[in-house]
Amino acid sequence: MIVSASTSQSLAAALAATLDEPLASTAHTRFPDGELQVSVPDFEGERAVVVCSTTTSDAHIEALQIQDAVREAGAREVHTVLPYFGYARQDRAFEPGQPVSARAVARALSTGTDHVLTVNPHEPSIRECFDVPCTVVDAAGRLADPLPALTDPVFVAPDAGARDLADTVKDGYGEGTVDHFEKTRHSSTEVDIEPHKADVTGRDVVLVDDIIATGSTMAEAVSHLHDREVNRVFVTCVHPVLAGTARIRLARAGVDAVYGTDTIERAESTVSVAPAVAEVLSTF
Ligand code: R5P
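Residues numbered from 1 in each chain as written. Predicted model: local features only at pLDDT ≥ 70, side-chain atom pairs only at ≥ 80, totals over all residues. Heavy atoms only, no water.

1. Details of the pattern of salt bridges
Consideration 1: What the rule picks out here adds up to twelve salt bridges.
Consideration 2: Residues Arg47 and Glu21 are paired through a salt bridge, measuring 2.9 Å at the closest nitrogen-oxygen approach. On the criterion of sequence distance, the pair formed by Arg47 in strand β4 (residues 47-51) and Glu21 in the loop between α1 (9-19) and β2 (27-30) is long-range, its members being 26 residues apart. With respect to class, Arg47 is no different from Glu21; both count as buried. (Salt bridge = Lys/Arg side-chain N within 4 Å of Asp/Glu carboxyl O. Helix = DSSP H or I, 4+ residues; strand = E, 2+ residues; numbered from the N terminus. Buried < 20%, exposed > 50% of the residue type's maximum accessible area, 1.4 Å probe, protein only.)

Here it is in structure tokens:
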């Protein structure tokens, strides 16, 4: 049975349809003190696939509670799909006294599952944070699907770390060139981008990153592009976090359209990772 947290309902439904497995109902209660309780009243069967993008601290609790509920209801095999694994960017203690938050939450999630599956994590080494096997799914191959017909396109990563993603999107689109910028991050909302000398004048540009969170990275990258008289600018990412005023920042920067996947369910989630996730789950 597929069991969805509140953060991943459409993706879980798509997975259930693709895998031809039933989708469990869930019931959510919020107690007067603020505590959350998610129950899975009709769970049956031996295998549970828990689907939960951990975009908030509550979502982490939901994942833990659903894992526990399905075990209580008799599941012998639990797979936990974390389409977006929150806290993954806190993958080290950057200063003395800081926690390795990714490891802390990964350990907690590992206690209730036999296997974790996550989609395009910021660092693939995040797998090592879990105490159970963790499979990484690459869903970037379909990021080009919603793009319109482009004029002489160039696919640009805002930093070297996203260069492979930009290559993948270019390959998915079928034509164009690839470049990347250099990024220096000063704080969670401030970045500097050093553009390369690629010829972008008069061309359509597709900026590609794994995550758009505050939109600082993309907005800064776009400002360098408009300096160079590009044609249209599109941005695409795997995980459209789009926190706070990110959409306003991107629109003001001059972005023509934003695309993402349904690892986080947003209006911009025009690409589904369900086929890629289902393909892996069907091998278990
Ligand atoms: C970090 O290196 C990631 O790849 C993204 O560039 C980053 O998470 C984007 O964050 P923001 O939208 O807040 O600049």
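2. Notes on the sheet that holds β4
Consideration 1: The parallel open sheet is built from five strands, whose spatial order is β1-β4-β5-β6-β7. Looking at which strands have only one partner, the edges of the open sheet turn out to be β1 (2-4) and β7 (134-137). Geometrically, the sheet is characterised by an average inter-axis angle of 20 degrees between neighbouring strands, direction not taken into account.
Consideration 2: Bridging between β4 and strand β5 (residues 77-82) involves five bridges; their strand directions are parallel. Bridge assignment links Val49 to a residue of β5, and that residue is His79. (Pairing = 2+ DSSP bridges. Axes fitted to C-alpha atoms, helices over the stretch in contact; angles between N-to-C directions.)

3. Section: the site of the ligand
Consideration 1: Near the ligand lie 14 residues; those nearest to it are Arg89, Asp209, Asp210, Thr214 and Thr217.
Consideration 2: Between Arg89 and the ligand, the recorded distance is 2.6 Å, taken from a side-chain N or O atom to an oxygen atom.
Consideration 3: Asp209 has a polar side-chain atom sitting 2.5 Å from an oxygen atom of the ligand.
Consideration 4: Protein contact buries 92% of the 370 Å² of open area that the ligand shows by itself.
Consideration 5: Among the secondary structure elements, those contributing two or more residues to the shell around the ligand are β10 (182-185), β12 (205-212) and α5 (216-226).
Consideration 6: At four residues, the largest contribution of residues to the shell around the ligand is made by β12.
Consideration 7: For the shell around the ligand, the per-class residue count stands at three nonpolar, five polar and six charged. (Near = heavy atom within 4 Å. Polar contact = N/O pair within 3.5 Å; in protein donor to acceptor, adjacent residues only side chain to side chain. Areas by Shrake-Rupley, 256 points an atom, 1.4 Å probe, with all protein chains shown as cover. Nonpolar A, V, L, I, M, F, W, Y, C, P; charged D, E, K, R; others polar.)

4. Digging into the packing of α1 against helix α7 (residues 274-281)
Consideration 1: Contact geometry for α1 and α7: axes closest at 9 Å, N-to-C directions at 50 degrees. One finds that α1 runs oblique with respect to α7. When the axes of α1 and α7 are compared, the crossing they make is right-handed. Between α1, through Leu11, Ala14, Leu15, Thr18 and Leu19, and α7, the contact on the second element is made entirely by Ala274, Val277, Ala278 and Leu281.
Consideration 2: Classifying every residue of the contact of α1 with α7 by side-chain character gives eight nonpolar, one polar and no charged. (Parallel < 35°, antiparallel > 145°, perpendicular 65-115°, else oblique. Left-handed = near helix turned anticlockwise from the far one by under 90°. Contact = heavy atoms within 4.5 Å.)

5. Some words on α7
Consideration 1: By the burial criterion, the buried members of α7 are Ala274, Val277, Ala278 and Leu281. Relative to the axis of α7, the buried residues are bounded by an arc of 100 degrees and lie together on one face.
Consideration 2: As for α7, its buried residues are in contact with α1, β4, β5, β6 (115-119) and β7. (Arc of directions from axis to C-beta.)

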